[in-house]
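Each chain is listed here by its residues.
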Amino acid sequence: MNRSALITGITGQDGAYLAQLLLDKGYEVFGFVARRSSDTRWRLRELGIDSHVKFIYGDLVDESSIMRALKASRATELYNLAAQSFVATSWDQPVLTAEVDALGVLKCLEAIRELDTGVRFYQASTSEMFGLVRNQQQDESTVFHPRSPYGVAKLYGYWITVNYRESFGLHASNGILFNHESPLRGLEFVTRKVTDAVARIKLGKQTELRLGNIDARRDWGFAGDYVEAMWLMLQQDKSDDYVVATGETNTVRDMCRIAFEHVGLNLEDHLVIDSKLFRPAEVDILHGNPAKAKACLGWQPKTGLPDLVRMMVDADIRRVKSEG
Ligand code: NAP
Ligand code: G4F
């Protein structure tokens with residue numbers, strides 16, 4: 001059977017790994033890409049798949065472009081990964097964040113409803129929706145209390161996906177993914193900021209690393225493992241919502257230590273705490289319980305934090321060396 005998928009956010013970290021996974025499975029992969037003034041396809045090139053993806057220009061704020069992309073691609077699966085995904089930016093651009101991360105989801109669902117061709121839908125929901133958590137592991141029944149305009153916008157995306165499933169019988173699933181990282185992570189996120197800095201310090205190109213709240217705890221997994229869970233959700237007879245996490249939680253400080261120790265450096269010699277990098281409201285701890293995804297999807301995380309961090313540091317050392 002010929003299978004085709006349309007991926008919004010294909011130029012992002014998850015989009016690149018998901019495109020690679022689907023191409024490996026024999027899918028025809030269409031990438032829904034926003035027009036930008038400079039090149040955004042470096043991740044697809046790093047994975048060697050740029051020329052295998054068929055690109056369609058569009059933007060999540062423009063419903064007509066989503067409709068056109070669905071028609072042109074004849075996709076049977078739509079993965080909505082596009083978002084303003086950086087939490088800190090959501091306090092500076094809350095309206096844009098809501099337009100893309102909340103209403104953008106509704107626009108995808110409306111396009112699917114209108115076309116009525118049975119397209120299966122994946123929504124990139126997030127553990128940021130849990131926000132102010134009590135002291136237990138978060139699962140699909142945990143109460144939401146988002147702490148940022150990003151988390152609030154994503155919560156709308158989550159509920160409108162549930163609502164269109166219940167109202168119109170769409171095959172629409174939410175993956176509630178905890179933080180996941182990789183060598184393709186954007187430099188603004190803390191793990192990649194740290195591994196890039198470690199590489200530069202090791203190679204004599206930088207001396208300090210400025211961070212905000214290093215006591216925050218996150219449940220960090222590898223993006224390459226997590227895109228498999230996205231695909232599995234759309235292969236189920238019934239759509240549903242799933243937490244995807246490792247079940248382990250560590251502080252930013254723990255993560256930094258692994259990165260510095262990997263290259264024989266001492267974190268305390270280089271770390272500067274900068275109060276400007278603290279957020280107006282913080283998510284202090286995220287700790288997921290992926291039992292449902294394990295039981296129903298047969299999904300397992302394969303990469304632990306130490307291996308993930310070492311993989312990222314090694315990739316950044318190679319990159320920084322190649323800069324000359
Ligand atoms: P990312 O690297 O920041 O990628 C975001 C993607 O969205 C990029 O391709 C970007 O395109 C695209 N995009 C942004 N605004 C758009 C618009 N208006 N129209 C069309 N495309 C637009 O994010 P990621 O880490 O891969 O995450 C993928 C999704 O999962 C996001 O929805 C994120 O919120 C969610 N999520 C991520 C994590 C995580 O830990 N990574 C955890 C839970 C949920 P450009 O390249 O042109 O900017
Ligand atoms: O790496 P972060 O920016 O990721 P955050 O805010 O947890 O969001 C990521 O994961 C979410 C899933 O839970 C996604 F939905 C979202 O799209 C994104 O992918 O920050 C992690 C922690 C925070 O507590 C932050 O305050 O690291 C802390 N931190 C400390 N210093 C820093 C820094 N974060 C960044 N980005 N930069 C710092 O200098």
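None of these values were measured; they are calculated from a predicted model. (Residues numbered from 1 in each chain as written. Chains lettered and ligands numbered in written order. Predicted model: local features only at pLDDT ≥ 70, side-chain atom pairs only at ≥ 80, totals over all residues. Heavy atoms only, no water.)

Draft legend 1. Local environment of the nonpolar core. Ranked by size, the top nonpolar core spans 61 residues in total, and within it Ile7, Leu18, Leu22, Tyr79 and Tyr122 carry the most contacts. Examining the composition of this core, we find that nine residues originate from one element, helix α8 (residues 223-234), more than from any other. Leave out the neighbours within four places in its chain, and Tyr122 touches Leu78, Tyr79, Asn80, Leu81, Ser173, Gly175, Leu177, Met230, Met233 and Leu234. Counting 25 residues, the second largest nonpolar core, distinct from the first, contains Leu6, Ala75, Ile112 and Ile160. (Core = buried A, V, L, I, M, F, W, Y, C linked by side-chain atoms within 4.5 Å. Buried < 20%, exposed > 50% of the residue type's maximum accessible area, 1.4 Å probe, protein only. Helix = DSSP H or I, 4+ residues; strand = E, 2+ residues; numbered from the N terminus. Contact = heavy atoms within 4.5 Å.)

Draft legend 2. Fine view of the site of ligand 1. The immediate surroundings of ligand 1 are formed by 25 residues, with Thr11, Asp59, Ser85, Tyr150 and Lys154 found nearest. One of the backbone nitrogen or oxygen atoms of Asp14 is found 2.8 Å away from an oxygen atom of ligand 1. Between His180 and ligand 1, the recorded distance is 2.9 Å, taken from a backbone N or O atom to an oxygen atom. Burial of ligand 1 by the protein amounts to 88% of the accessible area it has alone, namely 900 Å². If you tally residues by element for the shell around ligand 1, the top one is strand β5 (residues 120-126), at three residues. Along the lines of polarity and charge, the residues of the shell around ligand 1 split into 10 nonpolar, 10 polar and five charged. (Near = heavy atom within 4 Å. Polar contact = N/O pair within 3.5 Å; in protein donor to acceptor, adjacent residues only side chain to side chain. Areas by Shrake-Rupley, 256 points an atom, 1.4 Å probe, with all protein chains shown as cover. Nonpolar A, V, L, I, M, F, W, Y, C, P; charged D, E, K, R; others polar.)

Draft legend 3. The arrangement of the packing of aromatic side chains in detail. Within this structure, the stated rule accounts for 10 aromatic pairs. Ring centres of Tyr226 and Trp299 lie 5.4 Å apart, and the angle between their planes is 85 degrees; on these two criteria the pair is classed as edge-to-face. Here Trp299 lies in the loop between α10 (291-297) and α11 (305-323) and Tyr226 lies in helix α8, a separation of 73 residues in the sequence. In this structure Trp299 comes out as buried when scored by relative accessible area, which is 2%. Clustering of aromatic rings is evident, with ring pairs tying together Phe130, Phe144, Tyr158, Trp159 and Phe178. Over the ring of Phe30 we find Lys54, and its NZ or CZ is 5.8 Å from the ring centre. When the ring centre of Tyr242 is taken as origin, the NZ or CZ atom of Lys292, which lies over that ring, is 5.0 Å away. (Phe/Tyr/Trp six-rings, centres within 6.5 Å; stacked < 30°, edge-to-face > 60°. Lys NZ or Arg CZ within 6 Å of the ring centre and 35° of its normal.)

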